[in-house]
Amino acid sequence: MGFPCEDVVVIREAEAAGEPAEITVSCPDKTGLGCDLCRVILFFGLSIVRGDVSTDGKWCYIVFWVVGRRGSSIRWGLLKKRLLGVCPAVTAASGLYAFYHRQQEMLAMEQQPQVFLLKFCCFDRMGLLHDVTQVLCELELTIRRVKVSTTPDGRVMDLFFITDARELLHTKWRKDETCDQLRTALGESMMNCDIEPASAEIAAYLQASPFLPPPITEEMFILELPEELHSNSSNFSTKNLSVTVDNSLSRGHTLIQIICPDHKGILYDIMRTLKDYSIQISYGRFYSTQNGSCEVDLFVIQMDGKKIFDLNKQMSLCSRLRMELLRPLRVAVVSRGPDTELLVTNPVELSGKGRPLVFYDITLALKMLNIRIFLGGDRLHESKDWGLKLCLKAEIGRHVIGGREWEVYRILLNDDFDSAASKDKIVDSVTKMLMGWE
């Protein structure tokens, strides 16, 4: 007899505008479950304003209070389905629950989602890249990598390497649905659209590279806090950040206490860091205050069931948490010869999963600033896919720096970008959009 799915994830929508919705999860525990749940919630554009987590190591009970963006519409039924998808399965046999999550984790690691190549051509216009990204997000198509190029006559050649959360992109109707949605969004400017499974050669191309493109320096990937962050008064100042470890308040658990400024996905950043360190949460409480700060109390143990006594591990964990809370994403505008490029980087989970909606927020911020992506230029290269001369204007890639895998977003800005906003204004606007401070 199976455990009723309705009881695993329960969502109670807000009764009035401005009030949070309540998400309750009750299921077998697994390492990193909190991280996986927070990633799904972040993907749906929701922010967690309060949370309670408790587990005995076998079964966990989690409650999140969440709010969406103003004016946004949340597909609650689909959210529930996606949350169920990351919860370990459970069945009842002889009155006892049998847990299969370890076998499921191994199976999930072996079966990576199939990658597809979306190719389409259209005429360029303001906000084009964001409109395409929005369509793909609404269709639950995850962007793994992007190459967007332009021709001298103003046509845009888009190559999106994507995976399908619904695992249906191999079917004709799902491909047709995707192309039809793109045509609806782009109108008559769209000339063609094609979706095909990525070849082995393309799959190899998606692997993280140890080499950085010329305009990027390793300073963007430093995991230690730069000295200037300790004293300045910017949003990234450590003045209002505190991460402490205490072994005196519990006989069986280490207490991690965090006080910090709030940002979009903050609980996801904490959970993925603990997941990377193989730290298990036995009890946790999270609360976001109205003045923009967060308070977090986490009673944790290591994989061996013991407290964190090693002082070096304590210091390493606290340092990493401080960095992830202050700089979960890095944003810069740099020169690339005569051109100007927007760069955004963020660390990838050890599981290989990236941060949701980063490209969506970048393109939305640029659209709101009325900044066009580069239209063309003299630095052209031959395209094997299209048989045309193209100029690369946007790219998502992965690179391994300092033993960590990073996602790197590169967008070539149009020559007249400074008429709409200065470099500092672009960095500030993109950062605020990514961090939820807009």
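As the structure is a computational prediction, the values presented were derived from the model and not from experiment.

With respect to helix α3 (residues 76-86)
Taken together, the buried positions of α3 are occupied by W76, L78, L79, R82, L83 and V86. Around the axis of α3, the buried residues are gathered within 155° of arc, so they sit on the same side. Exposed residues pointing more than 90 degrees away from the buried face of α3 are listed as G77, K81 and G85. Its buried side turned inward, α3 meets β1 (9-12), β2 (21-28), α2 (33-43), β3 (46-55) and β4 (59-68).

Considerations on the pairing of strand β16 (residues 339-347)
Across the nine residues that make up β16, a large majority, nine, are buried. Where burial is concerned, the two faces of β16 agree: the one with D339, E341, L343, T345 and P347 and the one with T340, L342, V344 and N346 are both buried. In the sheet, strand β15 (residues 330-336) pairs with β16 via seven bridges, with the strands oriented antiparallel. Note on β16: the bridge partner recorded for A332 is L343. Hairpin connection between β15 and β16: a loop of two residues separates the two successive antiparallel strands, and G337 in this loop has a positive phi of roughly 65°. With eight bridges joining them, β16 and strand β19 (residues 404-413) adopt antiparallel strand pairing. Across the sheet, V344 pairs through a bridge with Y409, a residue of β19.

A closer look at the pattern of salt bridges
Oppositely charged side chains can form a pair if their charged atoms are brought close together. Going through the model one piece at a time under the given rule, you end up with 30 salt bridges. Its salt-bridge partner being R125, residue D131 comes within 2.8 Å of it at the nearest N-O pair. Residue class for D131 comes out buried when judged on its relative accessible area of 13%. Since its relative accessible area comes to 29%, R125 is described here as partly exposed. Its salt-bridge partner being R355, residue D269 comes within 2.5 Å of it at the nearest N-O pair. Linking D269 in helix α8 (residues 266-276) with R355 in the loop between β16 and α10 (358-368), this pair joins segments that are 86 residues apart in sequence. Residue classification places D269 among the buried positions, given a relative accessible area of 0%. Residues participating in the shared-partner salt-bridge network are D269, R272, D276, R320, E324, R355 and R404.

Calculation notes
- Residues numbered from 1 in each chain as written.
- Predicted model: local features only at pLDDT ≥ 70, side-chain atom pairs only at ≥ 80, totals over all residues.
- Heavy atoms only, no water.
- Buried < 20%, exposed > 50% of the residue type's maximum accessible area, 1.4 Å probe, protein only.
- Helix = DSSP H or I, 4+ residues; strand = E, 2+ residues; numbered from the N terminus.
- Arc of directions from axis to C-beta.
- Contact = heavy atoms within 4.5 Å.
- Pairing = 2+ DSSP bridges.
- Salt bridge = Lys/Arg side-chain N within 4 Å of Asp/Glu carboxyl O.

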